[in-house]
Amino acid sequence: MKYKQLMAAWDSANPSQADKDRMLNTITQHIAQPKLRFQPRRALALALALVLVLGATAFALSEGGLINWFGKKVTDNMPIPIDDEEVLATIQARAQQAKALIEQAPEDELWIAEIWEKTQIVSAPSRSFATPEALAAHLASADLAFPAHLPPGYSYDSGGISAYLSKNTAETGLLPLPDQQTEYGFPIKKYRLTTDYAADIDHWYAKFIDDKGNVLSLTCFRDSHSTQFSFNTSASGEHEVLTIPAMSEALYIRNEDSRFEHSLNFRQTGLPRLFIYQWYSPRETPDVHFDPNSYDSLVYQFESNALGKDSLLEIANSLQ
Amino acid sequence: MGLSLPRTGMDIEAIYLRHVDTVYRLCFSFMKNQWDTEDAVQTTFLKLMANGKVFESAEHEKAWLIVTASNTCKNLLKSPQRRMADIDSLPQKTDHAAPSPDHTLQAILALPDRYKTALYLYYYEGYPTKEIARLLRRPDSTIRNHLREARALLKDLLTEEDHEI
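Residues numbered from 1 in each chain as written. Chains lettered and ligands numbered in written order. Predicted model: local features only at pLDDT ≥ 70, side-chain atom pairs only at ≥ 80, totals over all residues.

Re the overall build of chain A
At step 1: Counting its regular elements, chain A contains 6 helices and 17 strands.
At step 2: Expressed as a percentage of its 320 residues, the buried residues of chain A come to 43%.
At step 3: Pairs at least 24 apart in sequence give 63% of the contacts found in chain A among residues at least 6 apart. (Helix = DSSP H or I, 4+ residues; strand = E, 2+ residues; numbered from the N terminus. Buried ≥ 20, exposed ≤ 12 C-beta atoms within 10 Å, placed from the backbone. Contact = placed C-beta atoms within 7 Å.)

Encoded structure:
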């Protein structure tokens, strides 16, 4: 091939698969909707314990190929209220700016950036764990399960929890800190948590990587069984409704267009109802709000770019 | 003009997977290290998200990303903080009889930034000079001059085979 020396030089600069995954992860966290394919009525605390909260200002969702837990096609009935490109660009730019700022939030602080009317970006209090054993032990103390079986060859990369706002913390454990005025035209309100918030687990995640850079991502979050979920599928992919002991629904999706080709989603419902408060609320006043929500289910999403259905099922069946 | 809507995660993932290598290679030419390159790549795709542009074809999409990546890198390099850091990270001139990809890459990194996009588009992506001129909104003669000047700067490090290009 001509120019092979120049081409080889540029090729030597190519990113590794792990680098690509990391960049994509960062990019998708900017997307102004929950990163997961789910469309729950609330935002999720994700890997970096960042939640993007949208109120009346919702963003466009996928245009097609949506199915529910039972593999049935559903329509996307979410409105697309923003038709002003300039407004949308401003919100998205501010979301990026806010995200960069609140990434600096200590784990025991709650930061709320009110980037637009009824639109907030929140750093949920979190705690990370150095080993999967430590994470599993912490989850067990809150009666939450963690897989006993993990695939050989995969090493623990990161993991942790984000917290919900308990009544106790809401009433006695929030120490207001001075607001931060930003150069971008929005303030950040800050609170320090003085209670042991880490026991109030709203969401957990764990990431494992093998020596080829393949990723296994495990996430779980609390929700209500009444939440309307839909999952994106591609024309070239496939999905299958499965049965997992103790779970009310399970759906495997293979989607080659996704960052993770294999995705096993399952849900445990009928759990004792838990009343918790949101860290955020799509209201006009940028303050901590105490809107109680009741949760009676756990939603799991186990994903990988390399491990297929059977491997993910094996992990799911080892939850204990 | 097509309908402009914010992209979903799936949209972005698909576009990202199609073009991340191209965008990364180009950004690395400017930024010279992995971390700044990753910043530039991410910024480029975030601009795509915010833009909501509807592309006519995969080639149009790629061309938009190349131009945006190039502009993003130039903007990032304009910051005073970045310029201070660059003084310490300039590639050192070395004498090697048989240049390895590393040495050739160092030579590319050391080129003036104004040559890099055209060089990459011409030699790696195979764009003709007229198309590069259209993309970068420069006269065709300017592009050809940039390529000639870049070749002259690289000639000590390129083998005979690459001299013939």
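Observations concerning unusual backbone geometry
All names here are of chain A.
At step 1: With a phi angle near 60°, aspartate 143 is a residue other than glycine that sits in the positive phi range.
At step 2: Residue position: aspartate 143 is located in the loop between helix 4 (132–141) and strand 6 (154–163).
At step 3: Take aspartate 143: there are 9 C-beta atoms within 10 Å of it, and that puts it in the exposed class.
At step 4: A positive phi angle, near 75°, is found at alanine 246, a position not held by glycine.
At step 5: With respect to the element layout, alanine 246 can be found in the loop between strand 12 (238–241) and strand 13 (249–254).
At step 6: Overall, the presence of 10 C-beta atoms within 10 Å leaves alanine 246 in the exposed class.

What about the pairing of strand 7 (residues 174–181) of chain A?
Residue and element names in this part refer to chain A.
At step 1: Across the 8 residues that make up strand 7, only a small minority, 0, are buried.
At step 2: Of the strand pairs in this sheet, strand 7 and strand 8 (residues 187–193) are connected by 6 bridges, and their pairing is antiparallel. Along strand 8, the bridge assignment pairs glutamine 181 with proline 187. (Pairing = 2+ DSSP bridges.)

Topic: the confidence of the model for chain A
At step 1: Here chain A averages 77 in pLDDT, and 77% of its residues register 70 or above.
At step 2: Every residue in residues 281–287 of chain A scores below 50 in pLDDT, and together they form 15 contacts with partners more than four places removed in sequence or on other chains. (pLDDT = per-residue confidence, 0-100.)

Details of the environment of valine 87 of chain A
Residues and elements named next belong to chain A.
At step 1: Here valine 87 is to be found in helix 3 (residues 85–102).
At step 2: With 12 C-beta atoms packed within 10 Å, valine 87 lands in the exposed category.
At step 3: Put simply, valine 87 and tryptophan 116 are 29 residues apart on the chain and 9.6 Å apart in space, counted from C-alpha to C-alpha.

Looking at the environment of isoleucine 121 of chain A
All names here are of chain A.
At step 1: The topology assignment puts isoleucine 121 in strand 4 (residues 119–123).
At step 2: The class for isoleucine 121 is buried, based on 28 C-beta atoms found within 10 Å.
At step 3: Placed 67 residues apart in sequence, isoleucine 121 and isoleucine 188 show a C-alpha to C-alpha distance of 9.3 Å.

Some thoughts on helix 3 (residues 58–78) of chain B
Residues and elements named next belong to chain B.
At step 1: If you check helix 3, its first and last C-alpha atoms are 30 Å apart, about what 21 residues at 1.5 Å a residue would give, namely 30 Å.
At step 2: Those residues of helix 3 that fall on the buried side of the exposure criterion are Leu65, Ile66, Ala69, Ser70, Thr72 and Cys73. All buried residues of helix 3 lie within an arc of 165° about the axis, which places them on one face of the element. More than 90 degrees from the buried face of helix 3, the exposed residues found are His60, Asn75 and Lys78. (Expected span 1.5 Å × (residues − 1). Arc of directions from axis to C-beta.)

Details of the nonpolar core
At step 1: Residues Ala113 and Ala316 of chain A are the most contacted members of the largest nonpolar core, which totals 56 residues.
At step 2: Within the second largest apolar cluster, 43 residues are counted, among which are Ile12, Tyr24, Phe28 and Leu46 of chain B. (Core = buried A, V, L, I, M, F, W, Y, C linked by C-beta atoms within 7 Å.)

Section: the sheet that holds strand 13 of chain A
Residues and elements named next belong to chain A.
At step 1: With antiparallel pairing, the 8 strands of this open sheet are ordered in space as 5-6-9-10-17-14-13-12. A single partner strand is all that each edge strand has here, and the edge strands are strand 5 (126–128) and strand 12. The mean inter-strand angle of the sheet, taken between neighbouring strand axes irrespective of direction, is 15°.
At step 2: Inspection of the sheet shows strand 14 (residues 262–268) paired to strand 17 (residues 297–304) by 7 bridges, in the antiparallel sense. Within strand 17, the position partnered with histidine 262 by the bridge is serine 304.
At step 3: Contacts from helix 4 reach strand 6 and strand 9 (201–210) within the one sheet, and its direction differs from that of strand 6 by about 35°.
At step 4: Contacting strand 13, strand 14 and strand 17, helix 6 (residues 309–316) runs over the sheet at an angle of about 30° to strand 14. (Axes fitted to C-alpha atoms, helices over the stretch in contact; angles between N-to-C directions.)

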